[in-house]
Amino acid sequence: MQKNAAFEKSSGMSREKIEEARDALLHLRTLYIAVNNQQGSPEMGVSPFVRRDDGLYIFTSHLSQHVRDLMAQGAATCVLCADEAKSHNIWARNRLKFAVDAVEIPRDDAKFGGLCDDFSEAHGPTMNLIRNFGDFHMFQLLPRDGVLVLGFAKAFIVRGSDFKIAAHISKT
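Computed from a predicted model, the values in this text were never measured in an experiment. (Residues numbered from 1 in each chain as written. Predicted model: local features only at pLDDT ≥ 70, side-chain atom pairs only at ≥ 80, totals over all residues. Heavy atoms only, no water.)

S.K.: How would you summarise the overall build of the protein chain if you had to cite specific residues and measurements?
M.R.: The secondary structure content of the protein chain amounts to five helices and nine strands. Ordering the α and β elements of the protein chain from the N terminus gives β-α-α-β-β-β-α-β-β-α-α-β-β-β. Reported as C-alpha extents along the three principal axes, the dimensions of the protein chain are approximately 50 × 40 × 30 Å. The 172 residues of the protein chain split such that 42% are buried. A sequence separation of at least 24 residues applies to 61% of the contacts in the protein chain between residues at least 6 apart. Of note, the protein chain has its 21 positive side-chain charges centred 8 Å away from the centre of its 21 negative side-chain charges. (Helix = DSSP H or I, 4+ residues; strand = E, 2+ residues; numbered from the N terminus. Buried < 20%, exposed > 50% of the residue type's maximum accessible area, 1.4 Å probe, protein only. Contact = heavy atoms within 4.5 Å. Lys, Arg positive; Asp, Glu negative; His and termini not counted. Charge placed at Lys NZ, Arg CZ, Asp CG, Glu CD.)

S.K.: Break down the side chain of serine 47 for me, with residues and values.
M.R.: On the secondary structure map, serine 47 appears in strand E3 (residues 42-52). Accessibility expressed as a relative area gives 2% for serine 47, which makes it buried.

S.K.: Residues and numbers for the layout of surface pockets, please.
M.R.: Taken as a whole, the largest pocket encloses approximately 310 Å³ of empty space. Classifying every residue of the lining of the largest pocket gives seven nonpolar, five polar and three charged. (1 Å grid on protein atoms, 1.4 Å probe; cavity = no way out; pocket = protein on both sides within 12 Å on 5 of 7 lines; lining within 4 Å. Points joined across faces, edges and corners; volume = space filled by probe spheres on them. Nonpolar A, V, L, I, M, F, W, Y, C, P; charged D, E, K, R; others polar.)

S.K.: Give a detailed account of the packing of aromatic side chains, specifying residues and quantitative values.
M.R.: A complete count under the given rule lists five aromatic pairs for this structure. Three or more aromatic residues joined by ring pairs form one cluster here, namely Phe59, Phe112, Phe133 and Phe136. Its end group placed over the ring of tyrosine 57, arginine 52 keeps NZ or CZ at 6.0 Å from the ring centre. (Phe/Tyr/Trp six-rings, centres within 6.5 Å; stacked < 30°, edge-to-face > 60°. Lys NZ or Arg CZ within 6 Å of the ring centre and 35° of its normal.)

S.K.: An account of the nonpolar core is needed here, citing residue identities and associated values.
M.R.: Core analysis: the biggest nonpolar cluster contains 30 residues, and Leu96, Leu141 and Leu148 have the highest contact counts within it. Those elements that provide at least two residues to this core are helix H2 (15-26), strand E2 (30-36), strand E4 (55-61), helix H3 (65-73), strand E5 (75-81), strand E6 (95-105), strand E7 (136-149) and strand E8 (155-159). In contact with leucine 96, not counting residues within four places along its chain, are Leu25, Leu26, Cys78, Val79, Leu80, Val147, Leu148, Val158 and Phe163. One finds Val50, Ile105, Leu115 and Ile130 within the second-largest nonpolar core, a separate group that totals 12 residues. (Core = buried A, V, L, I, M, F, W, Y, C linked by side-chain atoms within 4.5 Å.)

S.K.: Outline the environment of aspartate 118, supporting the account with residue identities and numerical values.
M.R.: Within the secondary structure, aspartate 118 is located in helix H4 (residues 112-123). Considering only alpha carbons, one finds aspartate 118 and arginine 52, 66 residues apart in sequence, at a separation of 9.5 Å. Apart from the residues within four sequence positions on either side, aspartate 118 is in contact with Val50 and Arg52.

S.K.: How would you summarise the side chain of arginine 93 if you had to cite specific residues and measurements?
M.R.: You can see arginine 93 is positioned in the loop between E5 and E6. Accessibility expressed as a relative area gives 18% for arginine 93, which makes it buried. Polar contacts involving the side chain of arginine 93 include one to the main-chain carbonyl oxygen of alanine 82, which spans 2.6 Å. In this structure the side chain of arginine 93 is engaged in a polar contact, spanning 3.4 Å, whose partner is the side chain of glutamate 84. (Polar contact = N/O pair within 3.5 Å; in protein donor to acceptor, adjacent residues only side chain to side chain.)

S.K.: Break down the pattern of salt bridges for me, with residues and values.
M.R.: In total, this model carries seven salt bridges according to the counting rule given. Between glutamate 19 and arginine 15 there is a salt bridge whose closest N-O contact spans 3.9 Å. Here the residue glutamate 19 and the residue arginine 15 both occupy positions in helix H2, the gap between them amounting to four residues, near one helical turn. With a closest N to O distance of 2.8 Å, arginine 52 and aspartate 118 form a salt bridge. Of this pair, arginine 52 sits in strand E3 while aspartate 118 sits in helix H4, and the two are 66 residues apart along the sequence. (Salt bridge = Lys/Arg side-chain N within 4 Å of Asp/Glu carboxyl O.)

This is how it looks when you write it as structure tokens:
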């Protein structure tokens, strides 16, 4: 692995191009989320999300097993993945995989209403219908670290809620 300034040279990509591709993924509307169940097998789901400076947020129902597991464990792995139809090579599809800590935001929290409004603005009027459903829970996802893949030999370690490029993953 190469450190900061070296990642541009070792990957052959400029910081600007790497961050542009990362930011395009962060502007997607849904994320995939995986949480291990009590038996250690992954449970997966997909959820609309909104991004704020302090992390990502999802609003999802505990009727899904992965949500109950998320409530119990407080940690998950998420993936943002570029559209297949827009990918130049299906084997090297742009994607961002990252580990998160999950914190439930109670309905009486001061920021809950604002988050619901953010979801309505980003994803449409369905949020106004489901925001009062008792089985739905708001979670803040706090990214720790992850991997940004932008093609063959173009994988990068990312860190934190700003997904800062930390290093290029290479043999050297």
